[in-house]
Amino acid sequence: MKRILIIDDDEQVRVMLRKTVERAGYEALEAPDGQRGMEINNSTPADLIITDIFMPEKEGLETIMALKETLPDTKIIAISGGGGYLTNSIRYLEMAKQLGAAQTFPKPVDRKKLLETIQELLT
Amino acid sequence: MAEEKILLVDDEPDILNTFKTLLTMEGFHVRTASGGKQAIDICTSEPIDLAIIDIRMPRMNGIELIKHLKRLNKDLEIIVLSGFATVDNAIEALHEGGAFDFLKKPLENLDEFFHTIKQALEKRRLRLQNRRLLEELKQHHDHLEELVNQRTAELSHANKELRSENTQRRRAEEALQWEASVNAALAELSKALISTESIDDISELVMKNATHLTESSSGLVGYIEPQTGDLIRIAMTHDMWDRCPIPNNTRSPKRFDGLRRRGENKKTPLLTNGLTEDLTSGDLREGQMLSRCCLSVPAMIGEKLLGHIALANSNREYTQRDLALIEKMANLYAIAIQRKLSQEEKAMLQDRLRRSQKFEAIGTLASGIAHDFNNVIYSILGNAELALDNIPKESIAYDDIDQIIVAGKRAADLVQQILTFSRQNTSVRQPLALQPIIQEAVKFLDRTLLQVIEVRLNIDAVCGLVLVDPTQIFQVVMNLCINALHAMREGGGVLELWLKDMTVDSKLAATHQDLAPGNYVRLTVKDTGHGMTKATMERIFDPFYTTKKIGEGTGMGLSMVLGIIKNHDGAITVKSEPGQGARFDVFFPKY
């Protein structure tokens, strides 16, 4: 069973995402920030990581960078709810892609597209 | 004595001879005449000092002769000779003819004879001397009089010169006084230019001094509105207000072609002391008024026409001196107008800058809210979709949950709309009640945090209106509330909001520099969170100052709040202590 790590500081989103991937047949792990996510991934490497961008402690872009450094093959999907233009989510998500995220989605993420992407990345 | 000439007149030759001999021996020049006619001839041809005349003579008697001789020579002394029988006649001669004395014939006493003669001559001498003295006295007097006249003339001349000098001095003094008045007026105006920026005050000052110094009863001071070219009259004498036929008489449209305009269009001053054609033509056209005399000066900087000073109906004639003064005033006034226009331009640019900064700030805030909202919506949508997976389509719950998804998607759209709206926002102020704005803002607060935080609203249903931009006020409320919630998110607490009318007195106003006495609507946002140190409190309104973690806040929130409140002519105060929560009071001036 493929393992997916979900990193998001919003607990409700995190739990919802876990249920979504679990019910789609994946094993799910959770982390409330990038730092915890790194630790979990080090001890129990995931096949795919879904990470939020804006988080306390280690935020998303840092996390992606760090993950790609240690495990360049890690498959990452970046998601973000930011929508403004000083904190421009599009630009951040673009940055995430530059840093190695395989796919990015703005929140709320279309479930169908998310699951399709996960399936594609894991086969 | 020998010089004196004596005429003897007697018809008796013996007496003549005897007397002549006696008198000649005494040293007198003696002439003799035997009758009146001969005596008159002698007296006519030569000077005789004394005549001794026999009173009784044939043909012309002595008395008659005396009258003749006296007519010829009024200084002639006369002694009458008389026999006994003619004493009465002799006395008559003394009284009427002016004879000096009379002697009786025959002579009894020679001494008496000579004595009488000498006395007569002495009398004559004295009389002549007296006359000569009088003459001299008169001459002296005349001389004196001449001197006095001359001196008087000199004095009069000097006086005239003095008067002329006085006139000159008076003129000089008057000129000095004018100069002093002009300098005082210009100094006052210059001072006003430095101390006040109010174009109204400066216009009134120009008006006051210009009409006063030129003794004008009518005056008009104003500036040219750059956009329209209209003259905006700021200061005007009452007669102009009253007599002006223009309905909106603070604005004189460019098309009006009165005297003022003609001078203005040529950008040259106009000075006339004659009747203006406005008056002679009998009826006034639109925008014109009667004037007896007129002084009109454009206020210019270089070739740029900025304003106008127009004066009319002076009590006297306008002079070049008046013109020079008003030109100086116009130069200063032009500076004031230029400054006013520059300031308006600056204010406009600042307003533009403020708007663009506001846009940024709104965008920041909106994106912050959107971020949290999107998480909330995502969790609603995601969970609803998960739930739907396990519910048969026939189930009643299926439709209910489907409605949650529909609503969630609407909410997501709304967030996008707010973001779009915040980018296009333009500030429009209108008199509004604050209650709905506050209630709406509270609805937007993070519901997850509200699980541990109680919100209490104490909003007076009846509050004064405030001239506000609702979007901005929404941001103020949101910012204050978000900060309050953030301060309580660890341990929970109570967020309290108040809205009430309030009168600020001078005592309260003195506690805050942005606060003036008056009527306000006060919004209070109070939390029971971690509070602030004094050092933090001093910096919270600084841009980009934040105590939040990265990604949680931009540090723009409170500085934007302060900017908005200042733009609304309001004030914000803060009270806090570490561990004691914080309280923000926002004062909006009542509309």
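Residues numbered from 1 in each chain as written. Chains lettered and ligands numbered in written order. Predicted model: local features only at pLDDT ≥ 70, side-chain atom pairs only at ≥ 80, totals over all residues. Heavy atoms only, no water.

Participant: What's the story with the overall build of chain A in this structure? I'm lost.
Facilitator: A count of helical and extended segments in chain A gives five helices and five strands. Going from the N terminus to the C terminus, chain A shows its helices and strands as β-α-β-α-β-α-β-α-β-α. Across the 123 residues of chain A, 50% fall into the buried class. Counted over contacts in chain A with a minimum sequence separation of 6, partners at least 24 positions apart contribute 68%. When the accessible surface of chain A is summed, it comes to about 5,800 Å², and 47% of that surface belongs to carbon and sulfur atoms. (Helix = DSSP H or I, 4+ residues; strand = E, 2+ residues; numbered from the N terminus. Buried < 20%, exposed > 50% of the residue type's maximum accessible area, 1.4 Å probe, protein only. Contact = heavy atoms within 4.5 Å. Areas by Shrake-Rupley, 256 points an atom, 1.4 Å probe, with all protein chains shown as cover.)

Participant: Sorry, what's going on with the overall build of chain B here?
Facilitator: When helices and strands are tallied, chain B shows 16 helices and 18 strands. As displayed, chain B has an accessible area near 31,900 Å², and 53% of this comes from carbon and sulfur atoms.

Participant: Just checking my understanding: could you explain helix α4 (residues 87-97) of chain B for this structure?
Facilitator: Note that an α-helix has 3.6 residues per turn; residues three or four places apart therefore point the same way. All names here are of chain B. All of the buried residues in α4 are Ala 90, Ala 93 and Gly 97. Along α4, the residues classed as buried sweep out an arc of 70° about the axis, all on the same side. Across from the buried face of α4, at angles greater than 90 degrees, the exposed residues are Asp 88, His 95 and Glu 96. On the buried face of α4, the contacting elements are α3 (62-72), β4 (77-82) and β5 (101-104). Gly 98 sits one or two positions beyond α4 and adopts a positive phi of about 85°. (Arc of directions from axis to C-beta.)

Participant: Just to check I follow, could you spell out the sheet that holds strand β9 (residues 270-272) of chain B for this structure?
Facilitator: Two strands in a sheet stick together by hydrogen bonds in their backbones, pointing the same way (parallel) or opposite ways (antiparallel). Residues and elements named next belong to chain B. Taken in spatial order, the six strands of this open sheet run β8-β7-β6-β11-β10-β9, and their pairing is antiparallel. In this open sheet, the two edge strands, each paired with only one partner strand, are β8 (251-252) and β9. Bridge count between strand β6 (residues 216-224) and strand β7 (residues 231-236): five bridges; the pairing is antiparallel. In the sheet register, Ile 224 faces β7, and the bridge partner there is Leu 231. Relative to the sheet, helix α6 (residues 199-214) contacts β6, β7 and β11 (304-314), its axis offset from that of β6 by approximately 150°. (Pairing = 2+ DSSP bridges. Axes fitted to C-alpha atoms, helices over the stretch in contact; angles between N-to-C directions.)

Participant: Before we go on, may I ask you to explain the side chain of Thr 104 of chain A in this structure?
Facilitator: Among the structural elements, Thr 104 of chain A can be located in strand β5 (residues 103-106). The contacts of Thr 104 of chain A, once residues within four sequence positions are left out, are Ala 78, Leu 93, Ala 96 and Lys 97 of chain A.

Participant: Where do I start with helix α12 (residues 435-443) of chain B in this structure?
Facilitator: Residues and elements named next belong to chain B. Along α12, the residues that are buried comprise Gln 435, Ile 437, Ile 438, Ala 441 and Val 442. Down the axis, α12 shows its buried residues gathered within 165° of arc, on one side only. Close packing links the buried residues of α12 with β12 (430-432), β13 (453-459), α13 (470-488), β15 (493-504) and β16 (518-527).

Participant: How should the pairing of strand β2 (residues 29-33) of chain B be read in this particular structure?
Facilitator: Residue and element names in this part refer to chain B. In the sheet, strand β1 (residues 5-9) pairs with β2 via five bridges, with the strands oriented parallel. When the sheet's bridge partners are listed, Lys 5 is paired in β2 with His 29. Tracing the backbone out of β1, into helix α1 (residues 13-25) and back to the parallel element β2 gives a crossover that is right-handed. (Right-handed = clockwise from strand over helix to strand, strands pointing away.)

Participant: How should a nonpolar patch on the surface be read in this particular structure?
Facilitator: On the surface, a nonpolar cluster with roughly 310 Å² of combined accessible area is contributed by Leu 465, Leu 467 and Tyr 591 of chain B. Topologically, Tyr 591 of chain B is positioned in the segment after β18 (582-589). (Patch = residues over 30% accessible without salt bridge, like charges linked within 9 Å, V, L, I, M, F, W, Y side chains within 5 Å. Salt bridge = Lys/Arg side-chain N within 4 Å of Asp/Glu carboxyl O.)

Participant: Looking at this model, I keep getting lost on the confidence of the model for chain A. Mind explaining?
Facilitator: Low-pLDDT portions of the prediction should not be read for the details of their coordinates. Chain-level statistics for chain A give a pLDDT mean of 86 and a share of 92% at 70 or above. Low pLDDT, under 50, characterises residues 83-90 of chain A; the stretch is placed with 21 contacts to residues that sit more than four places away or in other chains. (pLDDT = per-residue confidence, 0-100.)

Participant: Help me understand unusual backbone geometry, please; the structure alone is not making it clear to me.
Facilitator: What you tend to see is this: most non-glycine residues have negative phi, and most peptide bonds are trans. A cis amide bond, omega -5°, links Lys 107 of chain A with the succeeding residue Pro 108 of chain A. Looking at the element boundaries, Pro 108 of chain A is found in the loop between β5 and α5 (111-122). Phi angles above zero are rare outside glycine, and Asp 569 of chain B is one such case at about 60°. Topologically, Asp 569 of chain B is positioned in the loop between α16 (557-567) and β17 (571-576).

Participant: For this particular structure, what's the right way to read the packing of aromatic side chains?
Facilitator: Each aromatic ring pair is characterised by the separation of its centres together with the angle its planes make. All names here are of chain B. Throughout the structure, instances matching the rule amount to three aromatic pairs over all chains. Taken together, Phe 19, Phe 113 and Phe 114 form an aromatic cluster joined through their ring pairs. Stacked on the ring of Trp 178, the Lys or Arg Arg 321 has its end atom at 4.0 Å from the ring centre. (Phe/Tyr/Trp six-rings, centres within 6.5 Å; stacked < 30°, edge-to-face > 60°. Lys NZ or Arg CZ within 6 Å of the ring centre and 35° of its normal.)

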